[in-house]
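Each chain, letter by letter, is given below.
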Amino acid sequence: MLRSVDSSQQAPEPSMIVSADTLWRLNHEYSNRLAKAHTYFALLEQLVDERDGQDEQLGAALHYTLAHLDALKGEHRDWRYAYFYEHPDSKRMVQTDAAIQEALGTFVRMRSQHERYLIDLYQALETIPRPHPGLTTVPANGDLWDKTRLALYQLLDFNNYVETLGAPT
(Lines give C-alpha, C1' and ligand atoms only; values in the text may rest on other atoms or scores of the structure.)
Protein backbone atom coordinates (compact mmCIF):
# COMPACT_ATOMS: atom_id res chain seq x y z
CA MET A 1 0.00 0.00 0.00
CA LEU A 2 1.38 3.37 -0.96
CA ARG A 3 0.91 6.23 1.44
CA SER A 4 1.18 9.84 0.46
CA VAL A 5 3.49 11.99 2.51
CA ASP A 6 2.07 15.24 3.81
CA SER A 7 4.81 17.84 3.37
CA SER A 8 3.20 20.00 6.06
CA GLN A 9 4.10 17.42 8.71
CA GLN A 10 7.18 18.27 10.63
CA ALA A 11 9.88 15.74 11.36
CA PRO A 12 9.55 14.26 14.83
CA GLU A 13 11.80 15.61 17.53
CA PRO A 14 14.72 13.29 18.33
CA SER A 15 13.18 12.41 21.71
CA MET A 16 10.02 11.28 19.90
CA ILE A 17 11.72 8.91 17.47
CA VAL A 18 10.76 5.35 18.21
CA SER A 19 12.62 2.29 16.99
CA ALA A 20 11.07 -0.55 15.06
CA ASP A 21 11.63 -2.74 18.12
CA THR A 22 9.61 -0.37 20.31
CA LEU A 23 6.80 -0.22 17.75
CA TRP A 24 6.78 -4.03 17.60
CA ARG A 25 6.60 -4.23 21.41
CA LEU A 26 3.71 -1.74 21.53
CA ASN A 27 1.75 -3.67 18.92
CA HIS A 28 2.50 -7.04 20.50
CA GLU A 29 1.56 -5.99 24.04
CA TYR A 30 -1.61 -4.22 22.92
CA SER A 31 -2.63 -7.26 20.86
CA ASN A 32 -2.08 -9.49 23.87
CA ARG A 33 -4.06 -7.27 26.23
CA LEU A 34 -6.96 -6.95 23.79
CA ALA A 35 -7.00 -10.71 23.20
CA LYS A 36 -6.86 -11.49 26.92
CA ALA A 37 -9.76 -9.16 27.74
CA HIS A 38 -11.79 -10.52 24.84
CA THR A 39 -11.13 -14.13 25.84
CA TYR A 40 -12.12 -13.60 29.47
CA PHE A 41 -15.30 -11.75 28.53
CA ALA A 42 -16.24 -14.44 26.02
CA LEU A 43 -15.66 -17.17 28.61
CA LEU A 44 -17.63 -15.29 31.26
CA GLU A 45 -20.50 -14.66 28.86
CA GLN A 46 -20.62 -18.35 27.97
CA LEU A 47 -20.42 -19.39 31.62
CA VAL A 48 -23.21 -17.03 32.69
CA ASP A 49 -25.41 -18.16 29.80
CA GLU A 50 -24.88 -21.83 30.72
CA ARG A 51 -25.30 -21.44 34.47
CA ASP A 52 -27.94 -18.75 34.75
CA GLY A 53 -29.59 -17.31 31.68
CA GLN A 54 -31.95 -15.37 33.98
CA ASP A 55 -29.70 -12.40 34.77
CA GLU A 56 -30.58 -10.27 31.77
CA GLN A 57 -28.68 -7.19 32.97
CA LEU A 58 -25.43 -9.13 33.37
CA GLY A 59 -25.90 -10.99 30.09
CA ALA A 60 -26.63 -7.77 28.22
CA ALA A 61 -23.61 -6.03 29.76
CA LEU A 62 -21.29 -8.89 28.86
CA HIS A 63 -22.66 -9.05 25.32
CA TYR A 64 -22.30 -5.27 24.95
CA THR A 65 -18.73 -5.31 26.26
CA LEU A 66 -17.75 -8.23 24.05
CA ALA A 67 -19.18 -6.52 20.97
CA HIS A 68 -17.14 -3.39 21.73
CA LEU A 69 -13.98 -5.42 22.34
CA ASP A 70 -14.59 -7.10 18.96
CA ALA A 71 -14.79 -3.66 17.36
CA LEU A 72 -11.58 -2.51 19.06
CA LYS A 73 -9.79 -5.67 17.94
CA GLY A 74 -11.02 -5.02 14.39
CA GLU A 75 -9.75 -1.44 14.44
CA HIS A 76 -6.40 -2.63 15.75
CA ARG A 77 -6.22 -5.27 13.01
CA ASP A 78 -7.05 -2.62 10.39
CA TRP A 79 -4.30 -0.37 11.81
CA ARG A 80 -1.76 -3.20 11.52
CA TYR A 81 -2.60 -3.82 7.88
CA ALA A 82 -2.61 -0.11 7.02
CA TYR A 83 0.42 1.12 9.00
CA PHE A 84 2.33 -1.61 10.83
CA TYR A 85 3.01 -3.83 7.83
CA GLU A 86 4.89 -2.61 4.77
CA HIS A 87 2.36 -4.46 2.67
CA PRO A 88 -0.62 -6.49 3.88
CA ASP A 89 0.43 -9.54 1.88
CA SER A 90 4.00 -9.67 3.14
CA LYS A 91 3.22 -8.89 6.78
CA ARG A 92 6.72 -7.49 7.04
CA MET A 93 6.85 -4.74 9.62
CA VAL A 94 7.67 -1.22 8.47
CA GLN A 95 11.37 -0.35 8.78
CA THR A 96 11.95 3.22 7.64
CA ASP A 97 11.97 5.98 10.24
CA ALA A 98 9.15 7.82 8.45
CA ALA A 99 6.93 4.72 8.29
CA ILE A 100 7.65 3.85 11.93
CA GLN A 101 6.75 7.39 13.03
CA GLU A 102 3.57 7.33 10.95
CA ALA A 103 2.61 3.96 12.42
CA LEU A 104 3.31 5.23 15.92
CA GLY A 105 1.31 8.42 15.39
CA THR A 106 -1.72 6.56 14.10
CA PHE A 107 -1.37 3.97 16.88
CA VAL A 108 -1.35 6.69 19.55
CA ARG A 109 -4.48 8.29 18.04
CA MET A 110 -6.25 4.92 17.76
CA ARG A 111 -5.26 3.98 21.29
CA SER A 112 -6.56 7.31 22.62
CA GLN A 113 -9.95 6.66 21.03
CA HIS A 114 -9.95 3.10 22.37
CA GLU A 115 -9.18 4.36 25.86
CA ARG A 116 -12.35 6.46 25.87
CA TYR A 117 -14.44 3.41 24.92
CA LEU A 118 -12.67 1.27 27.51
CA ILE A 119 -13.34 3.80 30.27
CA ASP A 120 -17.03 3.78 29.33
CA LEU A 121 -17.07 -0.03 29.35
CA TYR A 122 -15.33 -0.17 32.71
CA GLN A 123 -17.74 2.37 34.21
CA ALA A 124 -20.74 0.49 32.80
CA LEU A 125 -19.54 -2.70 34.45
CA GLU A 126 -19.19 -0.83 37.74
CA THR A 127 -22.95 -0.18 37.73
CA ILE A 128 -23.78 -3.89 37.60
CA PRO A 129 -24.08 -5.69 40.91
CA ARG A 130 -21.35 -8.28 41.29
CA PRO A 131 -22.79 -11.69 40.43
CA HIS A 132 -22.61 -14.46 43.00
CA PRO A 133 -19.13 -16.07 42.86
CA GLY A 134 -20.77 -19.47 42.42
CA LEU A 135 -22.04 -18.25 39.07
CA THR A 136 -18.71 -16.87 37.83
CA THR A 137 -16.14 -19.22 39.37
CA VAL A 138 -14.51 -22.08 37.50
CA PRO A 139 -12.52 -24.40 39.80
CA ALA A 140 -9.47 -24.62 37.55
CA ASN A 141 -9.35 -20.91 36.66
CA GLY A 142 -10.82 -19.04 39.60
CA ASP A 143 -13.40 -16.28 39.44
CA LEU A 144 -13.87 -15.10 35.85
CA TRP A 145 -15.63 -11.94 37.06
CA ASP A 146 -12.44 -10.81 38.76
CA LYS A 147 -10.29 -11.90 35.81
CA THR A 148 -12.41 -9.99 33.27
CA ARG A 149 -12.28 -6.83 35.33
CA LEU A 150 -8.51 -7.19 35.79
CA ALA A 151 -8.01 -7.78 32.04
CA LEU A 152 -10.06 -4.67 31.23
CA TYR A 153 -8.10 -2.66 33.79
CA GLN A 154 -4.80 -3.87 32.29
CA LEU A 155 -6.02 -2.74 28.89
CA LEU A 156 -6.86 0.66 30.37
CA ASP A 157 -3.46 0.75 32.08
CA PHE A 158 -1.61 0.33 28.77
CA ASN A 159 -0.12 3.84 28.97
CA ASN A 160 1.97 2.77 31.95
CA TYR A 161 3.48 0.05 29.76
CA VAL A 162 4.11 2.62 27.02
CA GLU A 163 5.95 4.83 29.50
CA THR A 164 8.28 1.96 30.45
CA LEU A 165 9.33 1.83 26.80
CA GLY A 166 9.90 5.57 26.64
CA ALA A 167 7.40 5.92 23.80
CA PRO A 168 4.97 8.83 23.54
CA THR A 169 1.45 8.20 24.78
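For the structure, see preceding data.
Residues numbered from 1 in each chain as written. Predicted model: local features only at pLDDT ≥ 70, side-chain atom pairs only at ≥ 80, totals over all residues. Heavy atoms only, no water.

Novice: Even after reading the chapter, I still don't get the packing of aromatic side chains, so can you show me in this structure?
Specialist: The geometry of an aromatic ring pair is captured by two quantities: the separation of the ring centres and the angle between the planes. For the structure shown, the criterion picks out eight aromatic pairs. Aromatic side chains Trp 79 and Phe 84 sit 5.6 Å apart centroid to centroid with 35 degrees between the ring planes, which places their arrangement in the tilted category. There is no split in this pair, since Trp 79 and Phe 84 are both buried. Taking the centre distance of 5.3 Å and the plane angle of 65 degrees together, the rings of Tyr 81 and Tyr 85 count as edge-to-face. A connected cluster of aromatic rings, assembled from ring pairs, spans Tyr 30, Trp 79, Tyr 81, Phe 84, Tyr 85, Phe 107, Phe 158 and Tyr 161. (Phe/Tyr/Trp six-rings, centres within 6.5 Å; stacked < 30°, edge-to-face > 60°. Buried < 20%, exposed > 50% of the residue type's maximum accessible area, 1.4 Å probe, protein only.)

Novice: Would you take a moment to explain the pattern of salt bridges for this structure?
Specialist: When their charged atoms lie close together, side chains carrying opposite charge are able to pair. Scanning all chains against the criterion turns up six salt bridges. A salt bridge links Arg 92 to Glu 86; its shortest N-O distance comes to 2.9 Å. Assessed through its relative accessible area of 46%, Arg 92 is described here as partly exposed. Among the charged side chains, a salt-bridge network with shared partners connects Arg 130, Asp 143 and Asp 146. (Salt bridge = Lys/Arg side-chain N within 4 Å of Asp/Glu carboxyl O.)

Novice: What is the right way to look at the nonpolar core in this model?
Specialist: Grouped burial of nonpolar side chains is what soluble globular proteins tend to show. Leu 23 and Leu 118 are the most contacted members of the largest nonpolar core, which totals 43 residues. At the level of secondary structure, the elements contributing two or more residues to this core comprise α1 (20–51), α2 (56–84), α3 (97–126), α5 (144–156) and α6 (158–165). Broken down by element, the residue count for this core peaks at ten residues, all from α1. When neighbours within four sequence positions are excluded, Leu 23 is seen to be in contact with Val 18, Trp 79, Phe 84, Met 93, Val 94, Ile 100, Ala 103 and Leu 104. (Core = buried A, V, L, I, M, F, W, Y, C linked by side-chain atoms within 4.5 Å. Helix = DSSP H or I, 4+ residues; strand = E, 2+ residues; numbered from the N terminus. Contact = heavy atoms within 4.5 Å.)

Novice: Is there a simple way to think about the packing of α1 against α6 in this case?
Specialist: Packed helix pairs are specified by the crossing angle of their axes together with the interaxial distance, meaning the distance between the axes. Remark: α1 packs on α6, axes separated minimally by 11 Å, with the N-to-C direction vectors making an angle of 160 degrees. Judged by the inter-axis angle, α1 sits roughly antiparallel to α6. Regarding α1 and α6, the two cross each other, and that crossing is right-handed. Taken together, the residues of α6 that come into contact with α1 (itself represented by Thr 22, Arg 25, Leu 26, Glu 29, Tyr 30 and Arg 33) are Phe 158, Tyr 161, Val 162 and Leu 165. (Axes fitted to C-alpha atoms, helices over the stretch in contact; angles between N-to-C directions. Parallel < 35°, antiparallel > 145°, perpendicular 65-115°, else oblique. Left-handed = near helix turned anticlockwise from the far one by under 90°.)

Novice: Looking at this model, I keep getting lost on the environment of Arg 130. Mind explaining?
Specialist: Along the chain, the position of Arg 130 falls in the loop between α3 and α4 (133–136). For the pair Arg 130 and Trp 145, spaced 15 residues apart in sequence, the C-alpha separation works out to 8.0 Å. If near-sequence neighbours (up to four positions away) are discounted, Arg 130 is found in contact with Thr 136, Asp 143, Trp 145 and Asp 146.

Novice: Which parts of the structure should I look at to understand the environment of Leu 62?
Specialist: Along the chain, Leu 62 turns up in helix α2. A relative accessible area of 0% means that Leu 62 is categorised as buried. The spatial distance from the C-alpha of Leu 62 to the C-alpha of Leu 125 is 8.5 Å, given a sequence separation of 63 residues. Contacts of Leu 62, omitting those with residues within four sequence positions, involve Phe 41, Leu 44, Glu 45 and Val 48.

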